[in-house]
Amino acid sequence: MIRHDYSRVDPKRRANIDHKKKQFAKAEFAQQHYDHRLNFYTLPPTAEITLEEFETWAINRLKVLSELEACSFRNKSPEETAEYMTSILNKYLPLRSNTSRSQALQEERKKDHYSHYILRLAFSSTEDLRRRFSRLETMLFRLRYKEDDFKEREQFVKSLNLEWEEVGEAEKRELRDQLLAATGGKKSAAGEEQEWCKVDWERVPELVEQRRVFLRRGKAYVPQSQQMSLVVAEFTKWLDDALELTARALPRLDEDDRLAPILAHLSQSFTAPEAAYTSSDASIDGLSAIHANAIDSLSENFPLCMRNLHMNLRANSHLKHYGRLQYTLFLKGIGLSLEECIVFWRRSFKLMTDDKFQKEYRYNIRHVYGDVGGDANRRGRGYTPYSCQKILTEPLPGPGQSHGCPYRTFTPENLSALLQRVGVQDRNVLKTVREDVQKQRYHVACNRVFEYGHQREIKKVRDEGSWSATDLDTIVHPNTYFKRSWLLKHLGEGNAGMVGDDEKMEE
Amino acid sequence: MPHSTAPDPMSAGDSQTMSETTIKPEPSTQDVAMEDAPSPAGDNKAKVELEELFDDNDSDQEFPSSVPAKSEEDLSQPTTFKISDTSTFSDPDVMRAFYQRLFPFRHFFQWLNHSAVPGPDFAHREFAFTLANGALLRYQSFPTADVFRKHCIKEVPPRFDIGPVYSTNPRDRKSLRKASAFRATSRELVFDIDMNDYDEIRTCCTGAKVCHKCWTFITMAIKVVDTALREDFSFKHILWVYSGRRGAHAWVSDKKAREMDDNRRRSLAGYLELVRGGDQGSKRVSIRRPLHPHLERSLNILKEHFQTTILAEQDPWAEKSEHLLNLIPDATLRAALQKKWDSSPSRPSASKWADIDSVAKSGALSKTSRELLEAKQDIVLEYTYPRLDADVSKKLNHLLKSPFVVHPATGRVCVPIDPKRVEEFDPLGVPTVTELLKEIDEWEGEEDEKKVHDWEKTSLKPYIDYYKTFVSGLLRDEKEQMSVKREREEQHGDAMDF
Ligand SMILES: [Zn+2]
């Protein structure tokens, strides 16, 4: 991991990681006292730590952030995430409340504080890293905020001195109906006692996007119950601004040759686990070269997202661009060759002239396959088929578009109708899927439908012990869905059925 | 008959992509292959490119015309060019005369510069020119209104788009040592409403056509969006512009709006977005109750349009009531209505709409009347609520066609629409470039005492007058804000210096 020669530096050689020490001259080398468990990290560290601490603390925090990220990739619900993270946090980055009266309290908080700053340095170099770091730190903050002691949390929020304008009684009365309507509240006695504050709408973008606050003249009226949103948004804003500043200060930091390599290494070990696709998905034992005209029948084995695209394509003889992109990458992933893929699209766009197809569509397909465009390095493989994670984080489709994950993009009624169309008739399954979707566990719903559609086959391979547990692991990639589905539906046709024997799917 | 020679509008969009996909860029236009924004991460960059390549932009079927090669002389003097009956708007001489005599460069400059004194808001602003061969020439910039004007007169672009203001002059972007030093810093908050998104609910026209009946969809959308932007977000300087054929754009120039990052833009667009569809022919609107005040207000604006525009004019359910039936949540009621309508399928939509309540009252309702009311509200919203091309609004660096350019397929000028008089706006009455040039020739006023601008001699005058007022309002506010800021800085001089 980390280069050891750096941690072997004489511990007497101390690293002061405060790059702003000149501005904070008075506070230099001072130990800070942490009144609160939660921290907005607005003050940079001022005391010295050893290089060894510097490294291990950073690595520990990195571990926590990576696990958090994995939770979001697996679409774990907030509750599941909290549960999963408990032991990890206890191990790597414990942070107890004041009431615990632990001896290590200050030490824990110092580690939390310093490790945050070290990673901030490591991840401020590119916009991408900054965004990712900010997203994960926000998740971590939210997690801790939720489980913080109520009283201590209140004190912490107070200490932030966030400029919240309280909504006075008169205004509350005047806007009563709108306030309640915006937050979905009932006109109950409890509603009337609710406290509200007014902030610039830009400070609560999430609440605005979901229309969960009342807006008037640029101000968002946030109820007490949504205070977390406000605090979290404030945290993100602080952090984003700080990262921006750090990025600009970075060149000066390069001068410290002891830290630079550690920082560089930290950011490298944080590379994106974006691709969840390996070439092994494209080669399926027993499935001979796929031809364009086989797609109709193979689509029985497609996950709902791709089936929906396929059905839309058949219904309209057209797909809009994100849909084509998502679908082409998937088809490439199941092993459709470039030539066959072009044939497939040409035939599918029945209403289009050859000329138009050649001019506007052919190139794009070739591009996806890496046949043209891009730089030479990329041409080898073209682009990677989208994972569930990718599909689930894309913008929602607009009218007439059909890309994305239907579990996420369809209304519950339409999702039910679609599932029934593809043969899911079991009322229980439909009901449970509906519940999954309501909890935004799209990907649990998809796996549930898979299991329902392959229950006999799954039972068979389980009973026979012919497939290992990993072969039946949760599906997080449309191409895995297809491959597993196809193999299960063709059991005993000469393929042994090993899904990912040597190449494991990354997540 | 100027329209008869209109070039066939091909499909393929407004965007940065077509040059790469449809033509071989000339050396000078190589830039078009670049992604639309600087993105420091290499991987990310490649993805952006890929998605753009795929973008045939189905929502906007406009395509620039094939204008013959341009002439090299710079005719910035008023020309001797005379419009004749055979002149068409795809003629470069016509376009040149348009840029020379009609395009309001001065106000246009001030609108983007936010001041009368040339500054980076204009100089670092990207313009993207559609060339006669269809290529898109990106990252063009101009220090002043005059240089910009000369360029347009010389090159006679059939169309140009406006991009963001960058941290440095976009023409210098390649000479920068660090790619990250070149980034988009501000641009108006923009909206794009295109009739294309209404195709499944409009019955009067299809494709690129538009008539007074379906234009009302755009009118409704402007009312709802404009009201929300002003009342909820407190924006003041909102310029609505006719897109030249069958849609409208909005440009919000308030400083606060210009400085919004993508995250804020996304959340604002999400706030306004309602009609989403991942699927065809089924329920598109699904909302919480109680209705959010913005939706309640919008519903009140739209209700009356629903009676006239939808039920009476579009009449979407005569002969086919399947979709309407699908939207009724109550099975008993649905069955009763189905029976009734099967026996008289051609019943007009207004009657069918009324049937819902009357049949429900006669006992065929198994759910509560509140549920039925809510379902009906959802239907009203599905048929009337603005359908925004939200992606356009979510990105700071999206290109959007400039106001006052000539739509290459219709010849109409992309004129501003006064939201206070949006009902009066007539897209079919918007003058075409050839008509305007004729009006100049036919003008018979006196010109001795005061110089009369050419545009004042034409029916473009009311639009430019409106624009002038709009721009001066913006500049006034901008100036005020600057002086408040300066005062504050003088008072707290030290505080900035930590
Ligand atoms: Zn019409």
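Rules and cut-offs
- In this numbering scheme, every chain counts its residues from 1 along its sequence in written order.
- Chain A is the first chain written and ligand 1 is the first ligand written, with later ones labelled in order.
- Where local features are concerned, this predicted model is filtered to residues with pLDDT of at least 70; where side-chain atom pairs are given and counted, the filter is 80 or more; whole-chain, interface and lining totals use all residues.
- Just so you know, side-chain values use all the structure's heavy atoms and leave hydrogens and water out.
- Residues enter a nonpolar core if they are buried and are Ala, Val, Leu, Ile, Met, Phe, Trp, Tyr or Cys, with the set joined through side-chain atoms within 4.5 Å.
- Throughout, exposure labels follow a simple rule: accessible area from a 1.4 Å probe, protein chains only, divided by the maximum for the residue type, with under 20% read as buried, over 50% as exposed, and the rest as partly exposed.
- A contact between two residues is defined here by any heavy atoms of the two lying within 4.5 Å.
- Each metal's donors are the N, O and S atoms found within 2.8 Å of it, except that Na, K and Ca use a 3.2 Å limit; water is left out, so coordination can look incomplete.
- Geometry assignment treats four donors as tetrahedral when all angles are between 85 and 135 degrees, treats four as square planar and six as octahedral when opposite donors are over 155 degrees apart and all others between 65 and 115, and treats everything else as irregular.
- Comment: elements are numbered from the N terminus, with helices defined as DSSP H or I runs of at least four residues and strands as E runs of at least two.
- In a helix, the anticipated span is given by 1.5 Å times the number of residues less one.
- Per residue, pLDDT measures the predictor's confidence, with a range of 0 to 100.
- We call two N or O atoms a polar contact when they sit within 3.5 Å, provided that within protein one can donate a hydrogen and the other can accept it, with sequence-adjacent residues counted only if both atoms are side-chain atoms.
- A pair of strands is labelled paired if DSSP reports no fewer than 2 bridges between them.

This part takes up the nonpolar core. Ranked by internal contacts, the top residues of the largest apolar core, which has 128 residues, are Trp111 and Leu229 of chain B. With residues up to four places along the chain from it excluded, the contact list for leucine 229 of chain B reads Leu189, Phe191, Ser234, Phe235, Ile238, Val252, Leu268 and Leu272 of chain B.

Residues and elements named next belong to chain B. The protein atoms that coordinate the zinc ion are Cys204 (SG), Cys205 (SG), Cys211 (SG) and Cys214 (SG), at distances spanning 2.2 to 2.3 Å. The coordination sphere of the zinc ion comprises 4 donor atoms, whose angles at the metal cover 101 to 119 degrees; the geometry is tetrahedral. One chain supplies every donor to the zinc ion, and in sequence these donors are spaced C-C-x5-C-x2-C.

This next bit is on helix α23 (residues 442-453) of chain A. The end-to-end C-alpha separation of α23 of chain A is 17 Å, in line with the 16 Å expected for 12 residues at 1.5 Å each. Every buried residue of α23 of chain A is listed here: Tyr442, His443, Ala445, Cys446, Asn447, Val449 and Phe450 of chain A.

Turning next to the confidence of the model for chain B. Residue and element names in this part refer to chain B. Looking at chain B, pLDDT values average 82 and 79% of them are 70 or higher. Segment residues 1-77: pLDDT under 50, and 188 contacts once partners within four positions in sequence are set aside and those in other chains are kept. Long-range and interchain partners of residues 493-498, a stretch whose pLDDT sits below 50, account for 0 contacts in this model, where long-range means more than four residues apart.

Residues and elements named next belong to chain B. The omega torsion across arginine 289 and proline 290 is -5 degrees, close enough to zero to call that bond cis. A positive phi angle is found at glutamate 319, which is not glycine, with a value near 70 degrees. Relative to the helices and strands, glutamate 319 is located in the loop between α10 (293-314) and α11 (322-326). Here the phi dihedral of phenylalanine 404 falls at roughly 70 degrees; this positive angle occurs in a residue that is not glycine.

Here lysine 401 of chain B shows up in strand β8 (residues 400-401). Within the local environment of lysine 401 of chain B, its side chain forms a polar contact with the backbone oxygen of serine 243 of chain B, the two atoms lying 2.7 Å apart.

Moving on, we come to the pairing of strand β6 (residues 238-242) of chain B. Each regular strand carries side chains that alternate between the two faces of the sheet. All names here are of chain B. With 5 of 5 residues buried, β6 is to be regarded as a mostly interior element. Neither face of β6 is exposed, since Ile238, Trp240 and Tyr242 on one face and Leu239 and Val241 on the opposite face are all buried. Bridge count for β6 against strand β7 (residues 247-252) is 5 bridges, and the pairing is antiparallel. Pairing of tyrosine 242 across the sheet is with alanine 248, part of β7. Joining the antiparallel neighbours β6 and β7 is a turn of 4 residues, in which glycine 244 adopts a positive phi near 100 degrees. Summarising the sheet, β6 and strand β9 (residues 416-417) pair through 2 bridges and their orientation is antiparallel. By the bridge assignment, tryptophan 240 is partnered in β9 with isoleucine 417.

Another aspect to go through is the sheet that holds strand β4 (residues 219-223) of chain A. Residue and element names in this part refer to chain A. If you trace the 4 strands from one edge of the open sheet to the other, you get β1-β2-β4-β3, paired in antiparallel fashion. The outermost strands of the open sheet, each flanked by one partner alone, are β1 (165-166) and β3 (214-216). Pairing of strand β2 (residues 196-200) with β4 involves 5 bridges; the strand directions are antiparallel. Bridge pairing links valine 199 to alanine 220 in β4.

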